[in-house]
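Here is how the chains run, residue by residue.
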Amino acid sequence: MTTLGFIGAGHIGGTVAKLAAQHGYDVVVSNSRSPETLADLVAEIGGTARAAWAAEASAAADVAFVSIPLKNIWQLDPAPLVGKIVLETNNYYPARDGRIEAIDNESDTTTGLLQKHLPDSHVVKVFNHINWTHIPTQGLPAGAPNRRALAIASDHPDALEFARRFYDELGYDAVDASPVSESWRIERGTPGYGARQTVAELEAALRQAERAVVHS
Ligand SMILES: NC(=O)c1ccc[n+]([C@@H]2O[C@H](COP(=O)([O-])OP(=O)(O)OC[C@H]3O[C@@H](n4cnc5c(N)ncnc54)[C@H](OP(=O)(O)O)[C@@H]3O)[C@@H](O)[C@H]2O)c1
């Protein structure tokens, strides 16, 4: 069984942890505080789910899922994540995160920042442009007409492959927005951000994206 280690168990992390457990993953959740603070979530997930300190969740993970405010990614310890696939959902909201120069001057992307902080991990962007309330409700079986598509972006083929399979299990098609340097095309404010789109629609949205909006 694959263990998914969740770093951040708020709206997105907690929601995806529940779905992952329902799809047969072993789940370890963590937040910025102590494992006891996640007792209610662990009870809700049920099964073999458990809470841990963030460093322990990273160490226990076969694959990690980082879903914390972007401003906090530099607090993560890279060591327990070395050699691992790291799914990440981060977005840039200056009102929450402060101004981040590398995004503002278009020299990097949100996923690129985490990949640089975790140079020996295989980082892949997932679930960043779907509202957390929609993740459990908008999934459809493979082949269903109008199945929603979600973007993935990574510089690592194994991470892309894992993310594509995980989306499919949870009810979504994948559109590859790689490489990481181009993943601004699905950051905040772009045509694909938040909209319910099929593969063809999301591909068109990625082509139409303009970079200035993501740091406006
Ligand atoms: N909400 C959405 O619909 C949505 C959709 C797509 C993407 N996103 C993006 O996904 C990220 C998470 O969003 P969210 O809405 O899930 O946020 P959230 O509900 O505020 O949850 C954030 C989680 O991160 C934890 N955390 C913060 N710093 C940490 C650290 N250093 N180590 C471990 N855990 C830490 C928090 O723990 P504490 O509770 O202890 O503070 C909390 O569990 C953001 O970048 C957001 O922009 C959000």
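Residues numbered from 1 in each chain as written. Predicted model: local features only at pLDDT ≥ 70, side-chain atom pairs only at ≥ 80, totals over all residues. Heavy atoms only, no water.

(A) Region of interest: the site of the ligand. Neighbouring residues of the ligand: 23 residues in total, closest His-11, Ser-32, Arg-33, Gln-75 and Thr-89. His-11 is positioned such that a nitrogen or oxygen atom in its side chain is 2.9 Å from an oxygen atom of the ligand. Residue Trp-132 places a main-chain N or O atom 2.9 Å away from an oxygen atom belonging to the ligand. The fraction of the free accessible surface of the ligand (910 Å²) that becomes covered by protein chains is 81%. When its residues are assigned to classes, the shell around the ligand shows 8 nonpolar, 13 polar and 2 charged. (Near = heavy atom within 4 Å. Polar contact = N/O pair within 3.5 Å; in protein donor to acceptor, adjacent residues only side chain to side chain. Areas by Shrake-Rupley, 256 points an atom, 1.4 Å probe, with all protein chains shown as cover. Nonpolar A, V, L, I, M, F, W, Y, C, P; charged D, E, K, R; others polar.)

(B) Spatial organisation of the packing of aromatic side chains. In total, this model carries 8 aromatic pairs according to the counting rule given. Summarising the aromatic geometry, the rings of Phe-65 and Phe-127 are spaced 6.5 Å apart at their centres and angled 50° between planes, so their arrangement reads as tilted. Of this pair, Phe-65 sits in strand E4 (residues 63-66) while Phe-127 sits in the loop between strand E6 (122-125) and strand E7 (149-154), and the two are 62 residues apart along the sequence. For Phe-127, a relative accessible area of 1% corresponds to the buried category. An aromatic cluster is built from Phe-6, Tyr-25, Phe-65, Phe-127, Phe-162, Phe-166, Tyr-167 and Tyr-172, whose rings are joined through pairwise contacts. Positioned above the aromatic ring of Tyr-93, the side-chain terminus of Arg-188 is 5.4 Å from the ring centre. (Phe/Tyr/Trp six-rings, centres within 6.5 Å; stacked < 30°, edge-to-face > 60°. Helix = DSSP H or I, 4+ residues; strand = E, 2+ residues; numbered from the N terminus. Buried < 20%, exposed > 50% of the residue type's maximum accessible area, 1.4 Å probe, protein only. Lys NZ or Arg CZ within 6 Å of the ring centre and 35° of its normal.)

(C) Structural view of the environment of Val-199. When you line up the elements, Val-199 lands in helix H8 (residues 199-208). According to the relative accessible area criterion, Val-199 is partly exposed, its value standing at 27%. In sequence terms Val-199 and Ser-30 are 169 residues apart; their C-alpha atoms lie 33 Å from each other. Once you skip the residues sitting within four places of it in the chain, Val-199 turns out to touch Ala-149, Asp-173 and Val-175. (Contact = heavy atoms within 4.5 Å.)

(D) Representation of the sheet that holds strand E2 (residues 26-30) within the structure. Strand order in this open sheet of 8 strands is E3-E2-E1-E4-E5-E6-E7-E8, and the pairing throughout is mixed. Both outer strands of the open sheet, strand E3 (50-51) and strand E8 (173-176), are each paired with one neighbouring strand and no more. Along the sheet, H8 makes contact with E7 and E8, crossing E8 at roughly 25°. (Pairing = 2+ DSSP bridges. Axes fitted to C-alpha atoms, helices over the stretch in contact; angles between N-to-C directions.)

(E) Representation of the side chain of Thr-198 in the model. Checked against the element boundaries, Thr-198 lands in the loop between E8 and H8. Leaving out residues up to four positions away in the same chain, Thr-198 has contacts with Asn-146, Arg-147 and Ala-149.

Note that every value here comes from positions in space, so none of it alone points to a role or purpose.
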